[in-house]
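# Survey of secondary and tertiary structure
One-letter residues, chain by chain:
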Amino acid sequence: MLFSTCVKRSALLSAVIRKQIIGLGPKRTGFFSCIPVIKNATTPSTLLSSNSIRSFNTTKMKLQEEKPHDHARLWVIEKGTSAILVALIPFGLLIPNRLFDSLLAILITAHTFWGMEAVMVEYVRVLLFGPLIPKIAIGFVYAMTVLMLGGLFYLIFNDIGLCRAFWRIWRNMRKPKDSFKRR
């Protein structure tokens, strides 16, 4: 804590003192070597002017503002979604109901969105296509995601349901027995 307060900009550090701390000034050794030597300062009012006082805050919110593009949490959520889908698809097919259908619709849509977004970000780049085409591609991904989720919810709540629709398509894909007769 003492080291971080000495290295960061505080009320007593000026440009000359910062140079002394990082090694451009005279060398000091010992425990208090990070505390700067202040010369030509006789009163506290000259040390603490209103312009030199800065707030020092180490809360979690401040640390999150410094790292807004940390994708580790999103990666864990994506992998968790994939793992849940592996277990949920068989349960949804064996026990078709609106709860499993809704969960499947949300998770399949999220999984598809992350995949399509990754493809668009990776292959439709600003350097290759200019600034407008990548924005249109991402807009297309959002539009397809909304249409997909809306269509799946329509199928679930206004028709037979997602898993029952799968079984009906599966049943209709069987070849008729009459097609294998020899002439």
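Residues numbered from 1 in each chain as written. Predicted model: local features only at pLDDT ≥ 70, side-chain atom pairs only at ≥ 80, totals over all residues. Heavy atoms only, no water.

## A closer look at the overall build of the protein chain
- Looking only at helices and strands, the protein chain features nine helices and zero strands.
- The order of helices and strands in the protein chain, counted from the N terminus, is α-α-α-α-α-α-α-α-α.
- Counting only residues that meet the buried cut, the protein chain has 17% of its 183 residues in that class.
- At a minimum sequence separation of 6, the contacts of the protein chain that also span at least 24 residues come to 55%.
- Of the accessible surface of the protein chain, which amounts to about 14,900 Å², a share of 66% is contributed by carbon and sulfur atoms. (Helix = DSSP H or I, 4+ residues; strand = E, 2+ residues; numbered from the N terminus. Buried < 20%, exposed > 50% of the residue type's maximum accessible area, 1.4 Å probe, protein only. Contact = heavy atoms within 4.5 Å. Areas by Shrake-Rupley, 256 points an atom, 1.4 Å probe, with all protein chains shown as cover.)

## Overview of the packing of aromatic side chains
- Using the criterion set out here, one finds four aromatic pairs in the structure.
- Taking 5.9 Å as the distance between ring centres and 45 degrees as the angle between the ring planes, the aromatic pair formed by F153 and F157 counts as tilted. One end of the pair, F153, and the other, F157, are both in helix α8 (residues 132–158), four residues apart, so they sit about a helical turn from each other.
- A relative accessible area of 26% places F153 in the partly exposed class. (Phe/Tyr/Trp six-rings, centres within 6.5 Å; stacked < 30°, edge-to-face > 60°.)

## As for the environment of E122
- Checked against the element boundaries, E122 lands in helix α6 (residues 98–123).
- The spacing of E122 and P134 is twelve residues in sequence and 10.0 Å in space, taken between C-alpha atoms.

## With respect to the pattern of salt bridges
- Under the definition given, this model contains one salt bridge.
- Measuring nitrogen to oxygen at the nearest pair gives 3.1 Å for the salt bridge that ties E122 to R125.
- The class of R125 is partly exposed, set by a relative accessible area of 40%. (Salt bridge = Lys/Arg side-chain N within 4 Å of Asp/Glu carboxyl O.)

## A few points about the side chain of D101
- For D101, the location among the structural elements is in helix α6.
- Buried and without a salt bridge, D101 has R164 as its closest oppositely charged side chain, separated by 5.6 Å. (Lys, Arg positive; Asp, Glu negative; His and termini not counted.)

## Observations concerning the environment of G151
- Here G151 is to be found in helix α8.
- For G151 and A105, which are 46 residues apart along the polypeptide, the C-alpha to C-alpha distance reads 9.4 Å.

## A short note on a nonpolar patch on the surface
- A cluster of nonpolar residues, L127, L128, F129, L132, I133 and I136, forms a patch on the protein surface that exposes about 680 Å² of accessible area.
- Counting residues per element, the ones that place at least two in the nonpolar patch are α7 (126–129) and α8.
- The residue I136 is located in helix α8 in this model. (Patch = residues over 30% accessible without salt bridge, like charges linked within 9 Å, V, L, I, M, F, W, Y side chains within 5 Å.)

## Here we look at the nonpolar core
- One finds L85, L88, F100, L104, A105, L107, L152, I156, L162 and C163 forming the largest nonpolar core, which totals ten residues.
- Elements with a minimum of two residues in this core: α5 (72–94), α6, α8 and α9 (162–172).
- The greatest single-element share of this core, amounting to four residues, is contributed by α6.
- In this structure L107 touches T81, I84, L85 and L88, once residues within four positions along its chain are discounted. (Core = buried A, V, L, I, M, F, W, Y, C linked by side-chain atoms within 4.5 Å.)

## Remarks on the confidence of the model for the protein chain
- Chain-level statistics for the protein chain give a pLDDT mean of 77 and a share of 57% at 70 or above.
- For the protein chain, the element scoring lowest by mean pLDDT is helix α1 (residues 2–7), at 46; α8 scores highest, at 97.
- Scored below 50 in pLDDT, residues 1–7 makes ten contacts in the model with residues more than four places away or belonging to other chains.
- This stretch, residues 9–13, has a pLDDT under 50; its non-local contacts, to residues over four places away or in other chains, come to 17 contacts. (pLDDT = per-residue confidence, 0-100.)

## Notes on the packing of α6 against α8
- For the pair α6 and α8, interaxial distance at closest approach is 10 Å and the crossing angle is 165 degrees. On the basis of the axis angle, α6 is roughly antiparallel to α8. For the crossing formed where α6 meets α8, the hand is right-handed. (Axes fitted to C-alpha atoms, helices over the stretch in contact; angles between N-to-C directions. Parallel < 35°, antiparallel > 145°, perpendicular 65-115°, else oblique. Left-handed = near helix turned anticlockwise from the far one by under 90°.)

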